[in-house]
Amino acid sequence: MHPAAWAALGPLLWACGLALRGGMLYPRESPSRERKELHGLWSFRADFSENRQRGFEQRWYRSPLRESGPTLDMPVPSSFNDVGQDRQLRSFVGWVWYEREVTLPQRWTQDLGTRVVLRIGSAHYYAIVWVNGVHVVEHEGGHLPFEADISKLVQSGLTTQTAAGPVSDFYTLPVGIRTIEVTEHQFLINGKPFYFHGVNKHEDADIRGRGFDWALLVKDFNLLRWLGANAFRTSHYPYAEEVLQLCDRYGIVVIDESPGVGIVLAQSYGNQSLQHHLEVMGELVRRDKNHPAVVMWSVANEPASFLPPAGYYFKTLIAHTKALDPSRPVTFVTNSNYEADLGAPYVDVICVNSYYSWYHDYGHLEVIPLQLATQFENWYRTYQKPIIQSEYGAGAIPGFHQDPPVMFSEEYQKALLQQYHMVLDEKRKNYVVGELVWNFADFMTDQAPQRVMGNKKGIFTRQRQPKAAAFLLRERYWRLANDTWRPPAAGRSQCPEGGLFHV
Ligand code: BDP
């Protein structure tokens, strides 16, 4: 087991009258279900000990955290790395401990017919949970929810059984009905060709880091609408469920990506990894299958899909995902050479990333048309599958201006996108079915020479203000929306005003 930080993001307790079977439904209140949010200030300690094991050796889970040493106040949800001023904590890798004391409503603890479930929205990357010092659940992988039935723990000491009359459980689930189909050159939603014009995102913002935030979410959706975007990819991990709920309501189409990023070494393709990856796909599909906005699963981003074990790995992974959900196409996002990619034979849609004139041929915008057209032609000739340009972009530091354009100026970012757009406009007449710019907003990264206080390929800043490229894309996306949108054949759309995705 690798030591890893764990940060509780979005935990809540909820009680309901009936046991849940099968899927993992988002906790909604109903006449039979109550929920208690555990968001807020938690006690926190990072284990800075040499082996990162002191917390286990001294059993910090046995008594209140404050009794075993100093604690910090830590907001949940948030990234502990981003909120502090401590350099060590900013880059800390190892176990961190979060604790919260909770008082439960009496009914939950006194009524033995009530089931009490502790649910963690997500915790990165390995989480162990104790309730009253008792180990209740572990979860590996981050990003996805997990839960533990803690009824027995919180109701212990009670022996009298309450009358077991008939129990009614109520759960409301908003639904949307639509079909998806992939042909040799089209992506069809409800039988009509769909063109993805959108973005790649990250769950990231100033101060809070990766923590879920309603204000940020609504701001981002307002910006997506401003932009005329109709789609995004959850690069490079599943996003909070609340994000998908808004996508359903606003008519934003989603390519839902697993956390399978960084599969670049031969040993990443071992059985243990594959097994875990299969489990994660199970968790992801189980969580998100009811969202009509999700139109395709992406099992990975930029794996070394040219390595020999990649063929078997992706064949197995994609077949497994299709078996879990036969109703949606499956892909992974590639940056491998079309001739060498061993996973591509198994995907429904080719999703390709390229950074012409950014990571190669620096400054030579003129190479893009030929290189990009060749990229598309090679992939299509080889596979006869629709293609999405799943990433392309350039870094720009807001306020840097230079003409003729040079790298990192707003002009260069804009000019690079324009070069891509010329080719996309040509190829979308045939088999290119989408374009997702990298990235919606600037985001924080590890330090590296190609990063300037994070990744600056956003068309918005990390504070969600537009760079010049945002205006370019806005004009383009609304034009594409008008060009490619087809009114529903019959009946009125159920989508809220402004939704581009009419089901
Ligand atoms: C792509 C990756 C993405 C990076 C991007 C970049 O998929 O996660 O942020 O490059 O370097 O290859 O900007």
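The name given to the protein chain in an unreviewed UniProt entry is Beta-glucuronidase isoform X2, with Enhydra lutris kenyoni as the source organism. Annotation of the protein chain in UniProt includes, under Subcellular location (unreviewed entry), the sentence "Lysosome".

Engineer: An account of the layout of surface pockets is requested, with residue identities and associated values reported.
Structural biologist: Empty pockets left among the atoms are what a rolling probe the size of a water molecule brings to light. In this model, the second largest pocket occupies a volume close to 680 Å³. Lining the second largest pocket are 28 residues; nearest its centre among them are Glu99, Arg100, Trp130, Val131 and Asn132. Taken together, the elements giving at least two residues each to the lining of the second largest pocket come down to strand 5 (96-99), strand 6 (115-123) and strand 7 (126-131). Among the elements that line the lining of the second largest pocket, the one with the most residues is strand 7, at 4 residues.

Engineer: Describe in detail the side chain of histidine 139, supporting the description with residues and values.
Structural biologist: Relative to the helices and strands, histidine 139 resides in strand 8 (residues 134-140). Side chain to side chain, histidine 139 and glutamate 283 meet in a polar contact 2.7 Å long. Not counting residues within four places of it along the chain, the set of residues in contact with histidine 139 comprises Tyr125, Tyr126, Ala127, Leu144, Pro145, Phe146 and Glu283.

Engineer: Go over the nonpolar core, please, and point to the residues and values.
Structural biologist: In globular proteins that are soluble, nonpolar side chains generally tend to be buried together. Counting residues in hydrophobic clusters, the biggest one holds 84 residues, and the most contacted among them are Phe221, Phe232 and Phe314. Excluding its chain neighbours within four sequence positions, the residues that come into contact with phenylalanine 232 are Val199, Lys201, Phe221, Leu224, Tyr239, Val243, Cys247, Ile252, Val253, Val254 and Ile255.

Engineer: Which residues make up the pairing of strand 17 (residues 330-334), and what values go with them?
Structural biologist: On a regular strand, each side chain points to the face opposite its neighbour's, so the side chains alternate between the two faces of the sheet. Burial within strand 17 is extensive, with 5 of its 5 residues counted as buried. Neither face of strand 17 is left uncovered, since the one carrying Val330, Phe332 and Thr334 and the one carrying Thr331 and Val333 both have all their residues buried. At this point the chain moves from strand 16 (residues 294-301), through helix 9 (residues 310-324), to the parallel strand 17, and the crossover so formed is right-handed. Pairing between strand 17 and strand 18 (residues 350-353): 2 bridges, direction parallel. Looking across to strand 18, one finds that valine 333 is bridged to cysteine 351.

Engineer: Describe the UniProt feature "domain: Glycoside hydrolase family 2 catalytic" (unreviewed entry) in the protein chain, listing the residues and the values that go with them.
Structural biologist: Within the UniProt annotation, "domain: Glycoside hydrolase family 2 catalytic" (unreviewed entry) is assigned to residues 180-481. Secondary structure over residues 180-481 splits into 35% helix and 16% strand, and the C-alpha atoms at its two ends are 19 Å apart.

Engineer: I'd like a rundown of the environment of arginine 115, residues and numbers included.
Structural biologist: Residue placement: arginine 115 occurs in strand 6. Arginine 115 gets classed as buried once you look at its relative accessible area, which sits at 17%. C-alpha of arginine 115 to C-alpha of asparagine 430: the two residues are 315 residues apart in sequence and 55 Å apart in space.

Engineer: Before we move on, can you summarise the site of the ligand with the specific residues and values?
Structural biologist: Every residue near the ligand is listed here: His236, Asn301, Glu302, Asn353, Tyr355, Tyr359, Glu391, Trp438, Phe443, Arg451, Asn455 and Lys457. Here an oxygen atom of the ligand sits 2.6 Å away from a polar atom, N or O, in the side chain of histidine 236. A class-by-class count of the residues in the shell around the ligand yields 4 nonpolar, 4 polar and 4 charged.

Engineer: Tell me about the side chain of threonine 334, and please be specific about residues and values.
Structural biologist: Its place among the elements puts threonine 334 in strand 17. A polar contact of 3.0 Å, which involves the side chain of threonine 334, links it to the backbone nitrogen of serine 336. When near neighbours in sequence (up to four residues on either side) are disregarded, threonine 334 contacts Ser305, Asp341, Cys351, Val352, Asn353 and Trp379.

Engineer: Which residues make up the sheet that holds strand 12 (residues 192-193), and what values do they have?
Structural biologist: Strands in a sheet are paired, the pairing made by backbone hydrogen bonds, and the direction either parallel or antiparallel. With antiparallel pairing, 3 strands are arranged side by side in an open sheet as 10-11-12. A strand with exactly one partner marks an edge of an open sheet, and here the two such strands are strand 10 (180-182) and strand 12. As paired elements, strand 10 and strand 11 (residues 187-189) share 3 bridges and run antiparallel to each other. Its bridge partner lying in strand 11, glutamate 181 is registered against leucine 188.

Here is what the cut-offs are and how they apply
- Residues numbered from 1 in each chain as written.
- Predicted model: local features only at pLDDT ≥ 70, side-chain atom pairs only at ≥ 80, totals over all residues.
- Heavy atoms only, no water.
- UniProt positions renumbered as here; feature names shortened; annotations may be inferred.
- 1 Å grid on protein atoms, 1.4 Å probe; cavity = no way out; pocket = protein on both sides within 12 Å on 5 of 7 lines; lining within 4 Å.
- Points joined across faces, edges and corners; volume = space filled by probe spheres on them.
- Helix = DSSP H or I, 4+ residues; strand = E, 2+ residues; numbered from the N terminus.
- Polar contact = N/O pair within 3.5 Å; in protein donor to acceptor, adjacent residues only side chain to side chain.
- Contact = heavy atoms within 4.5 Å.
- Core = buried A, V, L, I, M, F, W, Y, C linked by side-chain atoms within 4.5 Å.
- Buried < 20%, exposed > 50% of the residue type's maximum accessible area, 1.4 Å probe, protein only.
- Right-handed = clockwise from strand over helix to strand, strands pointing away.
- Pairing = 2+ DSSP bridges.
- Near = heavy atom within 4 Å.
- Nonpolar A, V, L, I, M, F, W, Y, C, P; charged D, E, K, R; others polar.

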